[in-house]
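The lines below spell out each chain.
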Amino acid sequence: MSLTHDGPDAIRHRLAPLRGRQYWRSLDELAQTPEFESLLQREFPREASVLDSIGRRSFLKVMGASLALAGLSGCGEPAKHLVPYVATPPDLVQGKPQYFTTAITLGGVATGVMVESNMGRPTKIEGNPSHPGSLGATDIFSQAAILSLYDPERSQAVLNRNAVSTWSRFLESLEAILADPTAARGQGIRILTEAVTSPTLAAQLNAFLARYPDAKWHQYEPVNRDNARAGAELAFGADATPLYHFDRADVIVALDADFLSSVPGNLRYIRDFSARRRVRDGRSTMNRLYAFESNFSLTGSVADHRWPVRSSLIKTLAWQLAARLRIAGASEHHVENNAVIPDHDLDAIVADLQKHRGGCLVLAGAAQPPIVHALAHAMNAALGNVGSTVNCIGPIEEAPVSHADSIRALASDLHAGTVGTLLVIGGDPVYTAPADLDFEAAFQKAATRIHMGLYRNATAALSHWHIPQSHELETWSDTRAFDGTVTIQQPLILPLYGGRSTLELLAWMNGARSVSSYELVREQWRAQLGSDFERAWRQALSDGVVPATQRKVIATTMRNPLANGETMATQPAGLEINFLPDPTVWDGRFVNNAWLQELPKPLTKLTWDNAVLISPATAAKLGLVNGDSVEVTCNTRRVTGAVWILPGHAADALTLHLGYGQSQAGRVGLGTGFNAYSIRTTNALDVAAGAQLRKTGASYPLACTQEHFSMEGRDLVVEAPLEEFSRDPEFLRKRVEAAPATSLYPEKKYEGHAWGMVIDTGACTGCSACVIACQSENNIPVVGKEQVLNSREMHWIRVDRYFSGDLENPEASVQPVPCMHCENAPCELVCPVQATTHSGEGLNEMTYNRCIGTRYCSNNCPYKVRRFNFLEYSALNDPALRLRANPEVTVRERGVMEKCTYCVQRISRARIGSEIEHRALRDGEITPACAQACPSEAIVFGDINDAASRVAKLKASPLNYGLLEELNTRPRTTYLARIRNPNPEIKDVAETRV
């Protein structure tokens, strides 16, 4: 689909005469292109035949094991030493799941989770309420870790020069290296890891360095966090990690800081921030967020005021703020000639900060240079925020280093030929290392190359030895959360594919030839857990946290960050590139995870690819439309990708997401997107200036879901400024058309339970954790890019994104849309076989084995929340593929309708439990998968017949409304209107539309 041929100017002309807030989902909808009109005329676009756009090779890919397990979720044949129980353990009840605490890490930072296990096989991941980095919630990466565990394309054999070998032969080879007299002190031995926050792993690495003192340990994470560390050094003269308390902050200024999605601790930050966005009466203590950013982020989408600003100009903006706050040194420079935003707006922000001294926050994003982080620290100190809304702790890494310096030093040694043996543990540096290091060539100069990882990636393909690594759910270890709290990682299942523990490998290298990872972790914590070790050990495993392990708050002394003669940024020439981790595949480690590949990205709603994101103004200037193939050149390096126009993106800037374009990946990830690492260099890891863009003349299909299941342009989100709500709490009745008083449907009485849901759009951030949680819980299949292009994705809950306002700086609104479970359900009357029916508790139920696929129900559903299973996306032939599937949910074959059920299996499980215990169901006892995963607690489920329940109280709120109430469907799923808190002193474009 392409942008209108008349370009953005025609769209601006269309917007100009409009008054009041107008919502639009995409540029094509706004322009009313012929392609969009054609799409609206058909429920399932391009439906010529089931296999209309799939060739034989693509069909085999969709039907392959990686995508099959994504729908039915399974793995290859279980390890031979897994055998059935002869005598069932007394605590194991068949059909009743058990839960175990552990942690899932990303970039070394842990999220505490609880893993559901059915008869010894893990099937679902939930958050651990006792863990400070989780608080019972999860993100998309934690949810999808269960799929990676069973991925049959994980490494399954030890490889020697890409030929199958054995673990014992590898150890013999390694022993010969360590016994070589020329390397007695470890000369020429290098170990490269990702960020290490595991105390036990760090202890093993340090023991090896003590044993071989000339060996070196390097660390490298592709997602750069060095700027924050260097900024703390500049501000305090010491390494310090800031911890933010958003629950105490009344005013927040985010300088290119997407704290809701891409920083350690973001789940905790989402919870704390969203708690201050809830409005229940006119006396709200709602916070206010100002965001400055180049790319439209989750944080920017919920901001009360947002300005699209090129990343390189954030430094100037920080300087302007610091000058007005009288930070030493900043006022000596003349910043008024380099204004990034109008002086009036800047003065209003500063006044707001000063009005809330001790209760505000200024924070800088990871991509910003150290001086911006240092200025943020200085402004927080000047505003009295230290000790209130922000504290500093020591580094959470066990061996903090500059990752850029570390990988640069390793590459230098490799090029110099001084590296005899290189052991790479995790990661894929051949793919992710900065392009100017020429790491692929350098890597091959090592005499012996060993790679240990989950997949046979680009680094493994060039290694002499490749060792399959145990998944985090298959081995014992430990790891730290964003605040330093330690979790003991315990295995949920024996290694499925012969993976080996990193701890055991390093212990073997240290001379302990028969010790297990279990023994290593226990020994690491024996002294700290005290004399009653066994009891404390069991308690730590049960709670999912080791007590008293959080990093202590440290005292900091503020220095003058401008004392070293730092100068202000100048306007860069040419286009500017932002390198960002991808919202769904991150740095590329999840590229073979089909759930994450098919998950629509939050703002663009793209799937299965990355794109060159640009602003409408830049697109108009360069004559580009969506899907145009372009060549991006930066410092003589080139990469080709497809363009996607993102309203609200900063002009004259490009955003390239990392993680795609891999040459060595499983079938799911191979051939998707382009490799942004190929033009990323060590001196421009985050932002690169002077880029050029050239249109190639070709086009590339991008699969975007935003216009699928469109509801004919009707405005479904309801918003208002806090001032209006405070003045008139009943404002909603004037904005939402009420349901008719009469109905042809007979009135139903519910004497028992009546289930319902409320979604608070003011708290929702659009993170999509609910989508992956629903997919994992309900065995929902993945369909592949070709079928997404045909509007056939199967997600039972979608997160719609709307823009309102002008093209260059619109407001964004999000709205999760599951089945409405209508009281007067239009789908039920038209089903010829009564496959969709109404339960005695108000659920709109689906009987899958009765459905014959007429799709009448979908045609009659005004919310477009039903999905038709066109193809047999879930392979049922191999019993091993059933390992990951939730046994409580039916696995559907092709030709049936699917939809949200409010997780009826969880309702049944809770009901059975209450009956066994001879008690009534308690409010909050039943939590659907979407609500349980939600970090902002935006989704509330319960019995609306119980007046004391949370859901009943929310439905009584003056903010409560239902979608399309004028149709008299009487949906059981309703919403709370979103309230924004703009500063009345700032009269920006968005506010004049209200």
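Analysis parameters
- Throughout, residues of each chain are indexed from 1 in the direction in which the sequence is written.
- Note on the predicted model: pLDDT of at least 70 is required for a residue's local features to be given, and 80 or more for side-chain atom pairs to be given and counted; whole-chain, interface and lining totals, by contrast, use all residues.
- Side-chain metrics in this entry use all non-hydrogen atoms of the structure; hydrogen atoms and water are not considered.
- Runs of H or I in DSSP of at least four residues are treated as helices and runs of E of at least two as strands, each being numbered from the N terminus.
- Classification of residues uses two cut-offs on accessible area relative to the type maximum, computed with a 1.4 Å probe and protein chains only: under 20% is buried, over 50% is exposed, and between them is partly exposed.
- Note on contacts: a residue pair qualifies if any of its non-hydrogen atoms lie within 4.5 Å across the two residues.
- Only the protein chains shown count as cover for residues, and the accessible areas themselves come from Shrake-Rupley with a 1.4 Å probe.
- With a 1 Å grid laid over protein atoms only, a set of points is called a cavity when a 1.4 Å probe fits there but cannot get out and a pocket when it is open yet has protein on both sides within 12 Å along at least five of seven lines; lining residues have an atom within 4 Å of a point.
- Grid points are joined across faces, edges and corners, and a volume is the space filled by probe spheres set on the points.
- The residue classification treats Ala, Val, Leu, Ile, Met, Phe, Trp, Tyr, Cys and Pro as nonpolar and Asp, Glu, Lys and Arg as charged. All others, Gly included, are polar.
- Any two strands are treated as partners once DSSP identifies two or more bridges connecting them.
- What counts as an axis is a line fitted to C-alpha atoms, over the stretch in contact for a helix, and the angles between N-to-C directions run from 0 to 180 degrees.
- Angle categories: roughly parallel below 35 degrees, roughly antiparallel above 145, roughly perpendicular from 65 to 115, and oblique for all the rest.
- Helix crossings fall into two classes, left-handed where the near helix is turned counterclockwise from the far one by less than a right angle and right-handed where it is turned clockwise.
- Criterion for a salt bridge: a side-chain nitrogen of Lys or Arg within 4 Å of a carboxyl oxygen of Asp or Glu.
- Classification of ring pairs uses Phe, Tyr and Trp, with its six-membered ring standing for Trp, and accepts pairs whose centres are within 6.5 Å; under 30 degrees between planes counts as stacked, over 60 as edge-to-face, and the remaining range as tilted.
- Only Lys NZ and Arg CZ are tested; either one counts as a charge over a ring when it is within 6 Å of the ring centre and within 35 degrees of the ring normal.

> I'm lost on the overall build of the chain in this one. Help?
When you go through the chain residue by residue, the secondary structure sums to 33 helices and 39 strands. Among the 994 residues that make up the chain, the fraction classed as buried is 63%. Put simply, of all contacts in the chain between residues at least 6 apart along the chain, 76% involve residues at least 24 apart. For the chain, the exposed surface amounts to about 36,200 Å²; the carbon and sulfur share of it is 51%.

> Honestly, empty space enclosed by the protein in this entry has me stumped. Any pointers?
Once rolled over the atoms, a probe with the size of a water molecule shows which space is left empty. Under the defined criterion, the tally for this structure stands at 14 cavities of 30 Å³ or more. Approximately 720 Å³ is the volume attributed to the largest cavity. Looking at the largest cavity, it is lined by 40 residues, and the ones nearest its centre are Arg225, Ala228, Thr241, Pro242 and Pro264. Contributing elements (two or more residues each) for the lining of the largest cavity: α9 (226–236), β9 (241–244), β13 (360–364), α14 (370–382) and α15 (403–416). By residue number, the principal contributor to the lining of the largest cavity is α14, which donates four residues. Among the residues making up the lining of the largest cavity, the classes are represented as 24 nonpolar, ten polar and six charged.

> Even after reading the chapter, I still don't get the environment of Leu658, so can you show me in this structure?
Relative to the assigned elements, Leu658 resides in strand β25 (residues 653–658). Looking at Leu658, the relative accessible area reads 1%, which means it is buried. Considered as a pair, Leu658 and Val585 are 73 residues apart in the sequence and their alpha carbons are 8.3 Å apart.

> Help me out: how do you make sense of the layout of surface pockets in this one?
Computed from the structure, the second largest pocket encloses a volume of approximately 1,200 Å³. In terms of lining, the second largest pocket is formed by 41 residues, of which the most central are Arg909, Glu925, Ile926, Thr927 and Gln932. Among the elements of the structure, β2 (98–106), β3 (109–118), β4 (121–127), α30 (904–916), α31 (929–933) and β36 (939–943) are those that each provide at least two residues to the lining of the second largest pocket. The leading source of residues in the lining of the second largest pocket is α30, at nine residues. Looking at the lining of the second largest pocket, its residues break down into 16 nonpolar, eleven polar and 14 charged.

> Would you mind going over the sheet that holds strand β10 (residues 251–255) with me for this structure?
Across a sheet, strands are paired by hydrogen bonds formed along the backbone, either parallel or antiparallel in direction. Strand order across the open sheet formed by four strands is β12-β11-β10-β13, with parallel pairing between neighbours. Pairing within the sheet leaves two strands with one partner each, and these edge strands are β12 (305–308) and β13. Each strand of the sheet is rotated relative to its neighbour by a mean of 5°, with strand direction disregarded. Here strand β11 (residues 288–293) runs beside β12; their pairing, made up of four bridges, is parallel. Note that in β12 the partner of Glu293 across the bridge is Pro308. Together, β10 and β13 form the strand contacts of α14, whose direction differs from that of β13 by roughly 170°.

> Explain unusual backbone geometry to me, please; I cannot follow it from the model alone.
Keep in mind that most residues, glycine aside, have a negative phi and that most peptide bonds are trans. The phi angle at Ser791 is positive, at roughly 65°, despite the residue not being glycine. Structurally, Ser791 is set in the loop between α27 (785–789) and β30 (798–804). The phi angle at Tyr902 is positive, at roughly 60°, despite the residue not being glycine. Tracing the backbone shows Tyr902 in the loop between β35 (897–898) and α30.

> Even after reading the chapter, I still don't get the packing of helix α6 (residues 140–150) against helix α26 (residues 769–777), so can you show me in this structure?
Following both chains from N to C, one finds α6 and α26 inclined at 20°, their axes separated by 8 Å at the closest point. One way to sum up the angle between α6 and α26 is to call them roughly parallel. As for how α6 packs across α26, the hand of that crossing is left-handed. Residue-level contacts link Ile140, Gln143, Ala144 and Ile146 of α6 to Ala769, Ile772, Ala773 and Ser776 of α26. Of the residues belonging to the contact of α6 with α26, the class tally is six nonpolar, two polar and no charged.

> What's the story with the pattern of salt bridges in this structure? I'm lost.
Should their charged atoms come close, side chains of opposite charge can pair. Per the counting criterion, the structure on display carries 49 salt bridges. The closest approach of N and O atoms between Glu221 and Arg589, which form a salt bridge, is 3.1 Å. One end of the pair, Glu221, is in the loop between β8 (216–219) and α9; the other, Arg589, is in the loop between β20 (575–581) and α22 (594–598), and 368 residues separate them in sequence. Relative accessible area serves as the criterion here: at 8%, Glu221 is assigned to the buried category. By relative accessible area, Arg589 is classed as partly exposed at 29%. Here Arg970 and Glu747 are joined by a salt bridge, their closest N and O atoms 3.4 Å apart. Taken together, the residues Arg970 in the loop between β37 (960–961) and β38 (973–976) and Glu747 in the loop between α25 (732–735) and β29 (755–760) connect sequence positions 223 residues apart. A residue is classified by how much of its surface remains accessible, and Arg970, at 35% relative accessible area, is partly exposed.

> Help me out: how do you make sense of the packing of aromatic side chains in this one?
Here a ring pair, both rings aromatic, is described through the centre-centre distance and the interplanar angle of the planes. Tallied over the full model, the rule gives 24 aromatic pairs. Taken together, a centroid distance of 5.9 Å and an interplanar angle of 35° make the contact between Phe296 and Phe803 tilted. Residue Phe296 is located in the loop between β11 and α11 (298–301), and its partner Phe803 is located in strand β30; the two are separated by 507 residues in the primary sequence. Each member of the pair, Phe296 as well as Phe803, is classed as buried. Between the aromatic rings of Trp755 and Phe941, the centroid separation amounts to 5.6 Å while the plane-to-plane angle is 20°, which identifies the pairing as stacked. Here Trp755 is found in strand β29, whereas its partner Phe941 is found in strand β36, with 186 residues between them in sequence. Of the residues examined, Trp755 reaches a relative accessible area of 4% and is grouped as buried. For Phe941, a relative accessible area of 6% puts it in the buried group. Residue placement shows Arg306 over the ring face of Phe296; its charged tip is 3.8 Å from the ring centre. A cation over a ring is seen here: Arg449 above Phe443, with NZ or CZ 5.7 Å from the ring centre.

Remember, this is a structural readout, not a statement about activity or role.
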